[in-house]
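# Results of the structural survey
Below, each chain spelled out in residue letters.
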Amino acid sequence: MVQINFAQRRVNCKIVYYGPGCSGKTTNIQKVHDNSPEDRKSPLTSIATEGDRTLFFDFMSLDLGQVMGMDTCFQLYTVPGQVYYNATRKLVLQGVDGLVFVADSSPEQLEANVESWADLIENLAEYGLALDDIPVVIQFNKRDVPGAVATEQLNDLLNRKGFETFEAVACEGTGVLQTLKAICSKVFRNLSTRTVEQKALRSAPVATPLAQRPAAYEPAGSPETLQAEPAGQPLTRAAAAVADPRPRRIATITLDNQPRSALVGAALR
């Protein structure tokens, strides 16, 4: 979920790198951090787990512009890939604004990729989200391994929705920044679109609920006939409607036993 820091005039967006263990999520984060200007990043924080790590740091966008006059800041997270850390993965997904799924191109990791993809869908559902609800890109990492699985096969297994994909060799930095730029751009556009929609909703005229509108003028007694007041006295019931700016209804008035039609309002004084 987007967070707004009014003191620093920053809009913080959370991007999570998801995928099976040892697919290259951590390597992606480290490469991005190593190649980011010092004044545009926070220190890299590592939460170690047995055999894997969860990393996160703040990354200030260099060229994506502003939202609501505020700078955009992207907080990048990885999740532990091992199956027994599912609770941690689910926790890291809380408040996510964009997802990078890092798939391992190694033939022996095909099943792990499919299981991790299914795990991602299940964990998002815990927060009432689906893949269609947030920006997603898929990175096919380790394209340099012997016998790397064809991207067509990986797409058939993981990408039936047609998300944008990137080939990468994260340990060499290949495809890393392209993947990051793509997901940041999608999150930025999504945030900008939502901002425009919210402004449009706030500026739209709000109709007064029917229950709160003033009751329509109804004469006392017969709903269609007013009897004349004694000579020299105003028709007070009709005069009560003068202040009502709505279009006047036509009422039948009986004066001197002669029925006449008149506008209820200023004409009856």
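All of the points below concern the structure found in this document.

Scoring rules and cut-offs
- Residues numbered from 1 in each chain as written.
- Predicted model: local features only at pLDDT ≥ 70, side-chain atom pairs only at ≥ 80, totals over all residues.
- Heavy atoms only, no water.
- Phe/Tyr/Trp six-rings, centres within 6.5 Å; stacked < 30°, edge-to-face > 60°.
- Helix = DSSP H or I, 4+ residues; strand = E, 2+ residues; numbered from the N terminus.
- Buried < 20%, exposed > 50% of the residue type's maximum accessible area, 1.4 Å probe, protein only.
- Lys NZ or Arg CZ within 6 Å of the ring centre and 35° of its normal.
- Salt bridge = Lys/Arg side-chain N within 4 Å of Asp/Glu carboxyl O.
- Arc of directions from axis to C-beta.
- Polar contact = N/O pair within 3.5 Å; in protein donor to acceptor, adjacent residues only side chain to side chain.
- Pairing = 2+ DSSP bridges.
- Right-handed = clockwise from strand over helix to strand, strands pointing away.
- Core = buried A, V, L, I, M, F, W, Y, C linked by side-chain atoms within 4.5 Å.
- Contact = heavy atoms within 4.5 Å.

## So, the packing of aromatic side chains
This model, assessed by the stated rule, comprises 2 aromatic pairs. Both rings, one in Phe 101 and one in Trp 117, keep their centres 5.0 Å apart while their planes meet at 90°; by these two values the pair is edge-to-face. A residue pair is termed long-range when its members are at least 10 positions apart, and Phe 101 in strand S7 (residues 98-104) and Trp 117 in helix H3 (residues 110-125) qualify at 16 residues. According to the relative accessible area criterion, Trp 117 is buried, its value standing at 10%. Through a chain of ring-to-ring contacts, three or more aromatic side chains come together here, namely Phe 101, Trp 117 and Phe 163. Here the guanidinium or amino end of Lys 14 rests over the ring plane of Tyr 77, the centre of that ring lying 4.7 Å away.

## Looking at the pattern of salt bridges
Throughout the structure, instances matching the rule amount to 6 salt bridges. Between Arg 89 and Asp 119 there is a salt bridge, with its nearest N and O atoms 3.1 Å apart. A residue pair is termed long-range when its members are at least 10 positions apart, and Arg 89 in helix H2 (residues 86-93) and Asp 119 in helix H3 qualify at 30 residues. On the basis of relative accessibility, which here comes to 4%, the residue Arg 89 falls in the buried class. According to the relative accessible area criterion, Asp 119 is buried, its value standing at 14%. For Lys 142, the salt bridge is made with Asp 104, and the minimal N-O distance between the two is 3.1 Å. Of the two residues, Lys 142 is situated in the loop between strand S8 (136-141) and helix H4 (151-158) and Asp 104 in strand S7; the sequence distance between them amounts to 38 residues. Taking the relative accessible area as the measure of exposure, Lys 142 reaches 24% and is therefore partly exposed. Its relative accessible area of 2% is what places Asp 104 among the buried residues.

## What about H2?
Every buried residue of H2 is listed here: Arg 89, Val 92 and Leu 93. Down the axis of H2, the smallest arc covering the buried residues is 100°, so these residues share one side. For H2, the exposed residues lying more than 90 degrees away from the buried face are Ala 87 and Leu 91. One or two residues past the end of H2 sits Gly 95, with phi positive at roughly 75°.

## Quick look at the environment of Ser 46
Along the chain, the position of Ser 46 falls in strand S3 (residues 45-49). The exposure class of Ser 46 is partly exposed, given its relative accessible area of 39%. Distance from Ser 46 to Thr 26, taken between C-alpha atoms, is 9.8 Å for residues 20 residues apart in sequence.

## Section: the side chain of Ser 23
Within the element layout of this structure, Ser 23 appears in the loop between strand S2 (10-18) and helix H1 (25-34). Side-chain polar atoms of Ser 23 contact the backbone oxygen of Pro 20, separated by 3.0 Å.

## Topic: H1
Listed in full, the buried residues belonging to H1 are Lys 25, Thr 26, Asn 28, Ile 29, Val 32 and His 33. End-on, the buried residues of H1 take up no more than an arc of 160°, which puts them together on one face.

## Regarding the pairing of S7
S7 sits mainly inside the fold: 7 of its 7 residues count as buried. Of the two faces of S7, both are covered, the one formed by Gly 98, Val 100, Val 102 and Asp 104 as well as the one formed by Leu 99, Phe 101 and Ala 103. When S7 meets S8, the two strands line up parallel, connected through 6 bridges. Each residue of the ladder has a partner; that of Val 102, found in S8, is Gln 139. For the crossover from S7 across H3 to S8, the handedness is right-handed.

## Some words on the nonpolar core
Ranked by internal contacts, the top residues of the largest apolar core, which has 23 residues, are Leu 99 and Leu 120. Counting residues per element, the ones that place at least two in this core are S2, H2, S7, H3, S8 and H4. Per-element accounting of this core gives the leading share, 4 residues, to H3. Contacts of Leu 120, omitting those with residues within four sequence positions, involve Tyr 18, Leu 93, Leu 99, Phe 101 and Leu 131. With 21 residues, the next largest nonpolar core counts Val 11, Cys 13, Val 137 and Cys 184 among its residues.

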